[in-house]
Amino acid sequence: MSSDTRSAFDAPLNGAHARPFDGAQGKPSERAQGRSVDGSQGRRGLLFIVSAPSGTGKTTLVERLARETPGLRMSRSYTSRAARTGERDGVDYNFITREEFEARVREGVFLEWADIYGNLYGTGAADTEGCLAGGEDLVLVIDVQGARQVRSRGLENIGIFVLPPSAAVLEERLRGRSKDTEEQIARRLEVACREVEDFATYDYVVINDEVERCVDRLRSIVVAERARVRLMRARAEEVISTFRKDDHGGKSSESEQV
Ligand code: 5GP
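Every residue gets a number counted from 1 within its own chain, in the order that chain's sequence is written. Note on the predicted model: pLDDT of at least 70 is required for a residue's local features to be given, and 80 or more for side-chain atom pairs to be given and counted; whole-chain, interface and lining totals, by contrast, use all residues. Water and hydrogen atoms play no part in the side-chain values, which are based on all heavy atoms of the structure.

Chemist: Which residues make up the sheet that holds strand β9 (residues 204–207), and what values go with them?
Modeler: Here, any two strands with at least 2 DSSP bridges between them count as paired. Numbering goes from the N terminus for both helices and strands, where a helix is a DSSP run of H or I of at least four residues and a strand is a run of E of at least two. Here we have five strands laid out as an open sheet, ordered β2-β7-β1-β8-β9, and parallel in their pairing. With one partner strand each, in any of the chains shown, β2 (72–74) and β9 form the two edges of the open sheet. In this sheet, adjacent strand axes meet at a mean angle of 25° when their direction is disregarded. Here strand β1 (residues 47–51) pairs with strand β8 (residues 158–163) via four bridges, running parallel. The residue bridging Ile49 from the neighbouring strand is Gly159, located in β8. By the convention used here, residues are in contact when the closest approach between their heavy atoms is within 4.5 Å. Think of each axis as a best-fit line through the C-alpha atoms, taken over the contacting stretch in the case of a helix, with angles from 0 to 180 degrees between the N-to-C directions. Relative to β2, helix α1 (residues 58–68) is tilted by about 150°, and along the sheet it contacts β1, β2, β7 (137–141) and β8. Set on the sheet, helix α3 (residues 125–133) makes contact with β1, β2 and β7; between it and β7 the angle comes to about 150°.

Written out as structure tokens, the structure is:
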């Protein structure tokens, strides 16, 4: 199997560090206490996964989304690939050696990991759990192999697949960013052809025809997911209690507000 496609499913997914996720699907009332930006109480943060073929612009989109959306963070992955010009350790990625990465895989510290174009990429399980347990919403920008692993662990998540408008536009974008050789572009396109077939395993699909519009669509998904009844129940109960005469000495909430 080529390094492009090697599945990381043989990773030790049930290492000691993976344990915090065991209860991730509990009822909202059983989850860690915390208050989200929209006032929904007592819930874990939401876990969003964004995947897209290389060159679709997903990192730019998610960086903008996280910057403009209170209470939403973009996860920082670990990678064995060398930093590109302008990339900073601890900001764009946690850059580590292949040996360090492999040691961490053996220790089971990754929620998911994958070998992509010969480099290793992974999401720290403890980092992710810390964020979610604190009630903060988190976005993982990971490839389709990583998304499959998160799902296979039964970890509750909201998957968003970002598509370019067409294969031709993707090719144009890959050439335009002049980061890759012809051979690398051909390889990225070949991998993209396989990756896009996974779109239906996600909850949402967004087409990146224009950055502004695409960020708006992503934000709409976050806003809608945050408004789910199961997450808003506690806050809604607070409001509804103001309608219950018994709770207010016989006064209606309307008369209270006047
Ligand atoms: P790049 O080297 O261009 O920054 O990223 C290459 C690919 O790796 C992208 O598709 C990106 O989404 C994916 N990637 C980045 N971090 C992770 C990670 O932690 N896990 C997985 N599975 N993929 C990642």
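Chemist: Go over the packing of aromatic side chains, please, and point to the residues and values.
Modeler: Only Phe, Tyr and Trp rings are paired, with Trp represented by its six-membered ring, and only when their centres lie within 6.5 Å; those with planes under 30 degrees apart are stacked, over 60 edge-to-face, the remainder tilted. Enumeration according to the criterion identifies six aromatic pairs in this entry. Centroid distance Phe101 to Phe110: 4.5 Å. Interplanar angle 25°. Geometry classified as stacked. Working definition: with a 1.4 Å probe on protein chains only, accessible area under 20% of the residue-type maximum means buried, over 50% means exposed, and in between means partly exposed. Residue class for Phe110 comes out buried when judged on its relative accessible area of 3%. Sitting over the ring of Tyr117, Arg188 keeps its end group 4.6 Å from the ring centre. Distance and angle both matter: a charge sits over a ring if NZ of Lys or CZ of Arg is within 6 Å of the ring centre and within 35 degrees of the ring normal.

Chemist: Please provide a residue-by-residue account of the nonpolar core, values included.
Modeler: Buried Ala, Val, Leu, Ile, Met, Phe, Trp, Tyr and Cys residues form a nonpolar core when they are joined through side-chain atoms within 4.5 Å. Formed by 20 residues in total, the largest nonpolar core has its most connected members in Phe48, Val139 and Ile160. Only β1, α1, β7, β8 and α7 (211–226) provide two or more residues apiece to this core. Once residues lying within four places of it in the same chain are set aside, the contact partners of Val139 are Phe48, Val50, Val62, Leu72, Arg73, Met74 and Ser75. With 16 residues, the next largest nonpolar core counts Leu47, Leu111, Cys131 and Ile142 among its residues.

Chemist: Lay out the site of the ligand in plain terms, naming residues and giving numbers.
Modeler: Taken together, 15 residues surround the ligand, and among them Ser77, Arg81, Tyr93, Glu112 and Tyr121 come closest. Pairing of N or O atoms within 3.5 Å defines a polar contact, subject to two protein rules: one partner must be a possible hydrogen donor and the other a possible acceptor, and residues neighboring in sequence count only if both atoms are side-chain atoms. In this structure, an oxygen atom belonging to the ligand sits 2.4 Å away from a side-chain N or O atom of Tyr121. The separation between a nitrogen atom of the ligand and a polar side-chain atom of Asp143 is 2.8 Å. Every element with two or more residues in the shell around the ligand is listed here: β5 (110–116) and β6 (119–124). We call a residue near a molecule or strand whenever a single non-hydrogen atom of that residue lies within 4 Å of it.

Chemist: Give me the lowdown on the packing of helix α5 (residues 167–176) against helix α6 (residues 182–195), citing residues and values where you can.
Modeler: The contact between α5 and α6 brings their axes to 10 Å, and the two run at 145°. α6 is crossed by α5, and the crossing has right-handed handedness. Contacts from Leu170, Glu171, Leu174 and Arg175 in α5 reach Glu182, Ile185, Arg188, Leu189 and Ala192 in α6. Considered class by class, the residues forming the contact of α5 with α6 number five nonpolar, no polar and four charged. Crossing handedness: left-handed means the near helix sits turned counterclockwise from the far one by under a right angle, and right-handed means the same turn made clockwise. Each residue gets one of three labels, nonpolar for Ala, Val, Leu, Ile, Met, Phe, Trp, Tyr, Cys and Pro, charged for Asp, Glu, Lys and Arg, and polar for the others, Gly among them.

Chemist: I'd like a description of the sheet that holds β6, backed by residues and values.
Modeler: The strands that make up a sheet are held in pairs by hydrogen bonds between backbone atoms, and each pair lies either parallel or antiparallel. Spatial strand order, β4-β3-β6-β5: four strands in an open sheet with mixed pairing. The open sheet has two edge strands, β4 (94–95) and β5, and neither has a second partner. As paired strands, β5 and β6 are joined by six bridges and run antiparallel to one another. Paired with Trp113 across the strands is Gly122, a residue of β6. Its contacts with the sheet put α3 on β3 (78–79), β5 and β6, and the angle it makes with β6 is roughly 35°.

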